[in-house]
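Take a look at the letters that make up each chain.
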There are 2 protein chains.
Amino acid sequence: MAGAAVPATLLAYGCGERSPPDLENARVTTDNARLPTLEDVARLAGVSRATVSRVINGIRNVNPELHEVVWNAVNATGYVANRAARSLVTRRTGTIALVVSDSESHDDDPFMSRFFSDPFFGRVVGGLLSALRPAGVQLALQIVGADQARARLVGDLRQGQADGSIVLSLHPGDTLPQLIADAGLPGVVIGRPARPVPLSHVDVANDRGAALAADHLVARGRRRIGMITGPVDVPASVDRIAGFTSAMARHGRSYVPAVAGNFTHESGDRAMRELLTDNPDLDGVFVANDLMAQGALSVLQELGRAVPDEIAVVGFDDSSAALAARPQLTTVRQPLEDMAAEAARLLLARVDDPSLSTTSIVFEPTLIVRATT
Amino acid sequence: MAGAAVPATLLAYGCGERSPPDLENARVTTDNARLPTLEDVARLAGVSRATVSRVINGIRNVNPELHEVVWNAVNATGYVANRAARSLVTRRTGTIALVVSDSESHDDDPFMSRFFSDPFFGRVVGGLLSALRPAGVQLALQIVGADQARARLVGDLRQGQADGSIVLSLHPGDTLPQLIADAGLPGVVIGRPARPVPLSHVDVANDRGAALAADHLVARGRRRIGMITGPVDVPASVDRIAGFTSAMARHGRSYVPAVAGNFTHESGDRAMRELLTDNPDLDGVFVANDLMAQGALSVLQELGRAVPDEIAVVGFDDSSAALAARPQLTTVRQPLEDMAAEAARLLLARVDDPSLSTTSIVFEPTLIVRATT
DNA sequence: TTGTAAGCGTTATCAG
DNA sequence: CTGATAACGCTTACAA
């Protein structure tokens, strides 16, 4: 990492032991020496632990009067259930793991920074949380690079580190989805796994999205259309290529010049140059994701090719990069937040009822027309 | 969110009950009916639970011979400690919460998507994980918007949802850091809190970073230099303004035209236009973060102002946006990953020894010269 | 150095 | 409908 810096200044703030300035709810226990337990609540409410437990967990068979008495006691004590104790008996952790898995064993920085700074990650996290939080479920981040880490993770998961996993598998050869399935662990994959695996997954109809782009470029009167693809072994990428070329074929264009990138900004830059070298008269290009499209746009500008007048560009994702690009990028929107939320719901349902069969949900992409076409 | 899509296709994969294809370590228990417990390991090793526990937790007083016997039994059974049971007695969860807090109560989408798609988030997560994973600590994501959520979070935290929190406070009026301090919970804030609070924090020397930018612009021979600032109530922003203007003053420039943005790409666009309207002859500008700088660059290009020939631009952060910008952005690097990792270590230390006094660590920024100056 | 046994705070079973 | 009481799986005095 460039510009490594070291701690320069250390200043103590003074660390007086503040006695908590008594919050709105006056606590019964004097200090945080010991947190209120079910027992404390029960005593205050004049009932048994069992009853308090029932009330809290919303179990039917409870006298409505007690119901209120108990809740008052809960509020008075500031009681919050101890997750560990509850987990121990229910065998549920109330936690879902978001596991990001890459086959490559570049263990630390290179992989993480590349992935995390992709807008993709944030959208997924946001979508997951929107579905998990209402259910009171935590989201724990897990990153695995090395195979060893993968095995350990499955062990932890089996054990009960989390009730289930949302799997974000970045590499086609990744064995993690299969490992999770083999272990019989609840899991939902975001994006179709490279090899079929008995886990539910959510995905976008990549092929139809790419077709949308093809139709649009043709409708805009473009004659010489090319494509910048993603890695040729990643399912999402493969589907986009297939969808685009077959749609183009339907329009009577049997040959589509294409160059592959790897979904990074920089690779889009490179691919665009290469594509243009071989096809100088290009007047339209479909780029398999927004980041690469952004890179492509920079190159076009650098080379003095007016967008969209001389050449039109369509991206894929509708990530923040599409809005950041100049001109703003026409792109195929992938409803990632919705997909992630749905994945979370699928997983939660599966955790509740392990007998549920695995299903796959495919979302429809939409074309967002902006200024590059 | 534009282009909301609905599940379109549902296809079942077939969900045969696969009997786990017996992993490398032959399990002792026939199936996953019940996971191996300490008891199982103890029996197999011919020792007591206590001994196994000691071995696993690396406690000294253990016969080296037994040591090996026990580990063999652990491997043979595929034993993994039950976190819940352990937590219950140790009163440690082995989890750190990353709490992202914004005062505004736009509860769901608007806030989350804005923040998550900022490269900032990914860098912080990456840095935290790099320090947490080696310690075997989980990272749980917590997002709080509404005040109610804030109170609930503190309750959960007190209770033991996590051993401590890394606080990412996005709004100057945010009460969360104070709430956490008041509750006596271990916490480390990333970025200096708006109001002093008895929690440790890590930060970058924003003022010195801004001074770096000023010195550089002046050294490059720029005469009419302006600034696009962040929100005027955010500490990081305030420090950058102060650092920049005082450095400029040292160079004999007592007046610096400035317009405020809000750290988004789009606000950088707006601010640049405004700044240029009032100061048409500007030949240099310091923009308080990369995202805004990217927006500013788009505008300059649109207006036909050559960068860096006619006007030089310096950003702040050295996020992925700096590399994505064209020309690539000269910027002040904030070592966010390192800062986050340090925050994690500070927090872990504090969790281990609550008597530790709160400290603050300030990292040095560095100037990364690219193509916009 | 090792084993025994007492909890940790819940939920769940089973009588009343 | 409510209350004892037994787990849940682990760590940790305390004893041996």
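Residues numbered from 1 in each chain as written. Chains lettered and ligands numbered in written order. Predicted model: local features only at pLDDT ≥ 70, side-chain atom pairs only at ≥ 80, totals over all residues. Heavy atoms only, no water.

Caption draft 1: The overall build of chain A, seen in detail. Secondary structure summary: chain A contains 14 helices and 13 strands in total. A burial count over chain A gives 53% of its 373 residues as buried. In chain A, once contacts between residues fewer than 6 apart in sequence are set aside, the share between residues at least 24 apart is 73%. Accessible surface, chain A: about 15,600 Å² in total, of which carbon and sulfur atoms supply 52%. (Helix = DSSP H or I, 4+ residues; strand = E, 2+ residues; numbered from the N terminus. Buried < 20%, exposed > 50% of the residue type's maximum accessible area, 1.4 Å probe, protein only. Contact = heavy atoms within 4.5 Å. Areas by Shrake-Rupley, 256 points an atom, 1.4 Å probe, with all protein chains shown as cover.)

Caption draft 2: The arrangement of the UniProt feature "domain: HTH lacI-type" (unreviewed entry) in chain A in detail. Under the UniProt annotation, the feature "domain: HTH lacI-type" (unreviewed entry) is placed at residues 36-90 of chain A. Secondary structure content for residues 36-90 of chain A is 69% helix and 0% strand, while the C-alpha to C-alpha distance between its ends is 20 Å. (UniProt positions renumbered as here; feature names shortened; annotations may be inferred.)

Caption draft 3: Structural context of the pairing of strand β9 (residues 284-287) of chain A. Side-chain alternation along β9(A) places A:Gly284 and A:Phe286 on one buried face and A:Val285 and A:Val287 on a second face that is also buried. For the handedness criterion, the β-α-β arrangement of β9(A), helix α12 (residues 290-302) of chain A and strand β10 (residues 312-317) of chain A is classed as right-handed. (Right-handed = clockwise from strand over helix to strand, strands pointing away.)

Caption draft 4: View of the packing of helix α1 (residues 38-45) of chain B against helix α3 (residues 64-77) of chain B. Residues and elements named next belong to chain B. Close contact between α1 and α3 brings their axes to 9 Å; oriented N to C, the two are set at 125 degrees. Compared by their axis directions, α1 and α3 come out oblique. For the crossing formed where α1 meets α3, the hand is right-handed. Contacts between α1 and α3 involve Val-41, Leu-44 and Ala-45 from the first element and Val-69, Val-70, Ala-73, Val-74, Ala-76 and Thr-77 from the second. Class assignment for the residues of the contact of α1 with α3 results in 8 nonpolar, 1 polar and no charged. (Axes fitted to C-alpha atoms, helices over the stretch in contact; angles between N-to-C directions. Parallel < 35°, antiparallel > 145°, perpendicular 65-115°, else oblique. Left-handed = near helix turned anticlockwise from the far one by under 90°. Nonpolar A, V, L, I, M, F, W, Y, C, P; charged D, E, K, R; others polar.)

Caption draft 5: Looking closely at the protein's contact with DNA strand D. In the vicinity of DNA strand D lie 28 residues, with A:Arg54, A:Arg91, B:Leu38, B:Tyr79 and B:Arg86 positioned nearest. A share of 62% is what sugar and phosphate atoms reach among the atoms of DNA strand D within 4 Å of the protein. Note that a base nitrogen of DNA strand D is positioned 3.4 Å from one of the backbone N or O atoms of B:Ala85. Of all the elements in the fold, those that place two or more residues in the surface near DNA strand D are α2 (49-56) and α4 (83-90) of chain A together with α2 (49-56) and α4 (83-90) of chain B. By residue number, the principal contributor to the surface near DNA strand D is α4(B), which donates 5 residues. Tallied by class, residues from the surface near DNA strand D come to 13 nonpolar, 9 polar and 6 charged. (Near = heavy atom within 4 Å. Polar contact = N/O pair within 3.5 Å; in protein donor to acceptor, adjacent residues only side chain to side chain.)

Caption draft 6: Focus on the packing of aromatic side chains. Residue and element names in this part refer to chain A. Counted under the stated rule, the structure contains 4 aromatic pairs over all chains. Here Phe-286 and Phe-316 contribute two aromatic rings whose centre-to-centre distance is 6.4 Å and whose plane-to-plane angle is 55 degrees, an arrangement assigned as tilted. One end of the pair, Phe-286, is in strand β9; the other, Phe-316, is in strand β10, with 30 residues separating them in the sequence. In this structure an aromatic cluster arises from ring pairing among Phe-244, Phe-286 and Phe-316. Arg-240 extends its terminal NZ or CZ atom over the ring of Phe-316, reaching a point 3.8 Å from the ring centre. (Phe/Tyr/Trp six-rings, centres within 6.5 Å; stacked < 30°, edge-to-face > 60°. Lys NZ or Arg CZ within 6 Å of the ring centre and 35° of its normal.)

Caption draft 7: Focus on the environment of A:Thr77. Residues and elements named next belong to chain A. Of note, Thr-77 is situated in helix α3 (residues 64-77). Note on Thr-77: relative accessible area 4%, which makes it buried. For the pair Thr-77 and Val-204, spaced 127 residues apart in sequence, the C-alpha to C-alpha distance is 48 Å. From its side chain, Thr-77 meets the backbone nitrogen of Tyr-79 in a polar contact 3.3 Å long.

Caption draft 8: Local environment of the confidence of the model for chain A. Residue and element names in this part refer to chain A. Counting all residues, the mean pLDDT for chain A is 85, and 87% of those residues have values of 70 or more. Below pLDDT 50 for its whole length, residues 1-32 participates in 55 contacts with residues either more than four positions away or in separate chains. Across residues 105-111, confidence stays below pLDDT 50; counting only partners more than four residues off in sequence or on other chains, it has 13 contacts. (pLDDT = per-residue confidence, 0-100.)

Caption draft 9: How the structure looks around helix α12 (residues 290-302) of chain B. Residue and element names in this part refer to chain B. The terminal C-alpha atoms of α12 lie 18 Å apart, and with 13 residues this matches the ideal 18 Å at 1.5 Å per residue to within 8%. The element α12 is largely enclosed, with a buried count of 11 among its 13 residues. Those residues of α12 lying buried are Asp-290, Leu-291, Met-292, Ala-293, Gln-294, Gly-295, Ala-296, Leu-297, Ser-298, Val-299 and Leu-300. Positive phi appears at Gly-304, one or two residues downstream of α12, with a value of about 75 degrees. (Expected span 1.5 Å × (residues − 1).)

Caption draft 10: Up close: the protein's contact with DNA strand C. Surveying the vicinity of DNA strand C reveals 28 residues, the closest of which are A:Leu38, A:Ser53, B:Arg54, B:Leu66 and B:Arg91. Among the atoms of DNA strand C close to the protein, meaning within 4 Å, 64% are from sugar or phosphate groups. A:Leu38 places a main-chain nitrogen or oxygen 2.6 Å from a phosphate oxygen of DNA strand C. A distance of 3.1 Å separates a phosphate oxygen of DNA strand C from a polar atom in the backbone of B:Ser48.

Caption draft 11: Representation of the nonpolar core in the model. Membership of the largest hydrophobic core comes to 64 residues, with the highest contact counts inside it found for A:Leu98 and B:Leu98. Not counting residues up to four positions away in its chain, the partners in contact with B:Leu98 are B:Phe121, B:Val125, B:Leu128, B:Leu139, B:Ala140, B:Leu141, B:Gln142, B:Ile166 and B:Leu168. (Core = buried A, V, L, I, M, F, W, Y, C linked by side-chain atoms within 4.5 Å.)

Caption draft 12: Quick look at the UniProt feature "domain: HTH cro/C1-type" (unreviewed entry) in chain A. The UniProt feature table records "domain: HTH cro/C1-type" (unreviewed entry) at residues 37-66 of chain A. End-to-end, the C-alpha atoms of residues 37-66 of chain A are 18 Å apart, and along that stretch the chain is 63% helix and 0% strand.

Caption draft 13: Structural context of the sheet that holds strand β7 (residues 225-229) of chain A. Residue and element names in this part refer to chain A. With mixed pairing, 6 strands are arranged side by side in an open sheet as β8-β7-β9-β10-β11-β13. The outermost strands of the open sheet, each flanked by one partner alone, are β8 (258-260) and β13 (366-368). Going across the sheet, the axis of each strand differs from the next one's by a mean of 20 degrees, ignoring polarity. Two elements, β7 and β8, share 3 bridges in a ladder whose sense is parallel. In the sheet register, Thr-229 faces β8, and the bridge partner there is Ala-260. Sheet strands touched by helix α10 (residues 235-250): β7, β9 and β10. Its angle to β7, the strand with the most contacts, is close to 170 degrees. (Pairing = 2+ DSSP bridges.)

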